[in-house]
Amino acid sequence: ATRSGESQWITGDLSRARGHLLRARHDAILVGSATALADDPGLTCRLPGLAQCSPVRIVMDGRLRLPLDHQLVADAGDVPTWIVTLAGAGETQRQAYMAAGVEMIEVAPDGDGHPDALGALQALGERGITRLLVEGGAHISAAFLGARLVDRLVCFRSTRMIGGDGAPAVQSLALDRLAEAPAFVRRALGELDGDMFESFDADI
């Protein structure tokens, strides 16, 4: 996003359609609470004929900040919505979410006091989630990348240049040496009406 937070739309129609196809191919889609608060996203697949393939929607929200009138809560009765949070967080808010049809999942905190990424994956796996699309934002992406929990990376790049004062796709990984950086192998490269599409697998 730009420094003011504007992000609609950086890439074009074909890139966004490919992103929706990714949603249809996964069991669940996960975002952080900051992204959910800023964008009020639907996180559904909006390709013609594939609406029924919308994944389970998951929000990592350790402080239960998601408003009850946001889409992810308001239509939880129509599209499954789960919130991954910390034990003991906001009992009143928790009950309100559950009354709206949201499933609550508790995990232990990581070293920074946020819901632990590995613990979240284990809890989701126990519920039958085997293909998880982590769509953002920057803090969540950094948490999963930093913990080496990403086995595929998909990148859509436009021809626009936003600059260093814009919002990054990935927050700090606190790296001191290049050898510590998560490594990937590019498997696909293509053009989508001017945008670039790249797919990488983890280099393990």
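Preceding this section is the structure that the text describes.
Every value quoted in this text rests on a predicted model; they were computed, and no experiment measured them.

Parameters and conventions
Residues numbered from 1 in each chain as written. Predicted model: local features only at pLDDT ≥ 70, side-chain atom pairs only at ≥ 80, totals over all residues. Heavy atoms only, no water. Buried < 20%, exposed > 50% of the residue type's maximum accessible area, 1.4 Å probe, protein only. Helix = DSSP H or I, 4+ residues; strand = E, 2+ residues; numbered from the N terminus. Pairing = 2+ DSSP bridges. Right-handed = clockwise from strand over helix to strand, strands pointing away. Core = buried A, V, L, I, M, F, W, Y, C linked by side-chain atoms within 4.5 Å. Contact = heavy atoms within 4.5 Å.

## Focus on the pairing of strand β3 (residues 81-86)
1) Next: Among the six residues that make up β3, six are buried, leaving the element largely enclosed by the rest of the structure.
2) Next: Here strand β2 (residues 56-60) runs beside β3; their pairing, made up of four bridges, is parallel. Directly across from Val59, in β3, lies its bridge partner Ile83.
3) Next: Direction of pairing for β3 relative to strand β4 (residues 103-107): parallel, over a ladder of five bridges. Bridging from a neighbouring strand, Leu86 pairs with Val107 of β4.
4) Next: The handedness of the β3 to β4 crossover, carried by helix α4 (residues 91-99), is right-handed.

## Re the nonpolar core
1) Next: Membership of the largest hydrophobic core comes to 17 residues, with the highest contact counts inside it found for Val59, Leu66, Ile83, Tyr97 and Val102.
2) Next: Not counting the four nearest positions on each side in its chain, Val59 is found in contact with Val31, Gly32, Ser33, Ala36, Leu66, Leu72, Trp82, Ile83 and Val84.

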